Amino acid sequence: PHSPLESCGFILHILTLPLILIYSLSIIIPEHTLFEWGVTYNPTNFLSVYVPTSILCIFISILFINGAMNGLSVPKLESTDTMWDNYSGSARLTSHANSSDALPDIGDIDVGAINDLFDQSLQR
């Protein structure tokens, strides 16, 4: 059982290569040869280069615009719109380096300890 979206994606995937080949051939082959083959509508070479280049530029600019908008929409740390809880509020004011409720240092867990926990969970 396949969803219609999967079928549509598969058909688009299959059609992509022939469409790219037809597009490339319409750019490379001279116009008089295309007219001899019966292709009467052929966009100008200007459009055949301009349209894909424009689509690529728009796609890349959307990535940068989205990143800039996300960066501008985040409030500053000093803003009243920024939410703080007891731990994060005190963390920005004081250091927890010597505190007993500080997080432990980052370190690797021994693989043997992970395997032991996994084995114990399987035995339950």
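Computed from a predicted model, the values in this text were never measured in an experiment.

> What am I meant to see in the overall build of the chain here?
A tally of regular secondary structure across the chain gives five helices and zero strands. Secondary structure of the chain in N-to-C order comes out as α-α-α-α-α. For the chain, the accessible surface area stands at approximately 11600 Å², while carbon and sulfur atoms represent 69% of it.

> Help me understand a nonpolar patch on the surface, please; the structure alone is not making it clear to me.
A cluster of nonpolar side chains, contributed by Phe10, Ile11, Ile14, Leu15, Leu19 and Ile22, occupies part of the molecular surface with about 620 Å² of accessible area. Mapped onto the secondary structure, leucine 15 falls in helix H1 (residues 4-28).

> Before we go on, may I ask you to explain the confidence of the model for the chain in this structure?
For residues with low pLDDT, the predicted coordinates do not support detailed interpretation. Looking at the chain as a whole, the pLDDT averages 79, with 79% of positions reaching at least 70. Taking the mean pLDDT of every element in the chain, the minimum, 54, falls on helix H4 (residues 86-93) and the maximum, 89, on helix H3 (residues 45-73).

The rules we used
Throughout, a residue's number is its position along its own chain's written sequence, starting from 1. pLDDT decides what is reported in this predicted model: residues at 70 or higher carry local features, side-chain atom pairs at 80 or more are listed and counted, and totals for whole chains, interfaces and linings draw on all residues regardless. As a convention, hydrogens and water are excluded, and side-chain values are obtained from all of the structure's heavy atoms. Each helix is a run of H or I in the DSSP string that is no shorter than four residues. Each strand is a run of E no shorter than two, and both are numbered from the N terminus. The Shrake-Rupley method, run with a 1.4 Å probe, gives the accessible areas here. Residue values count only the displayed protein chains as cover. In this analysis, a patch consists of residues with relative accessible area above 30% that form no salt bridge, clustered at 9 Å for like charges and at 5 Å for the nonpolar side chains Val, Leu, Ile, Met, Phe, Trp and Tyr. Criterion for a salt bridge: a side-chain nitrogen of Lys or Arg within 4 Å of a carboxyl oxygen of Asp or Glu. pLDDT is defined as a per-residue confidence score from the predictor, taking values between 0 and 100.

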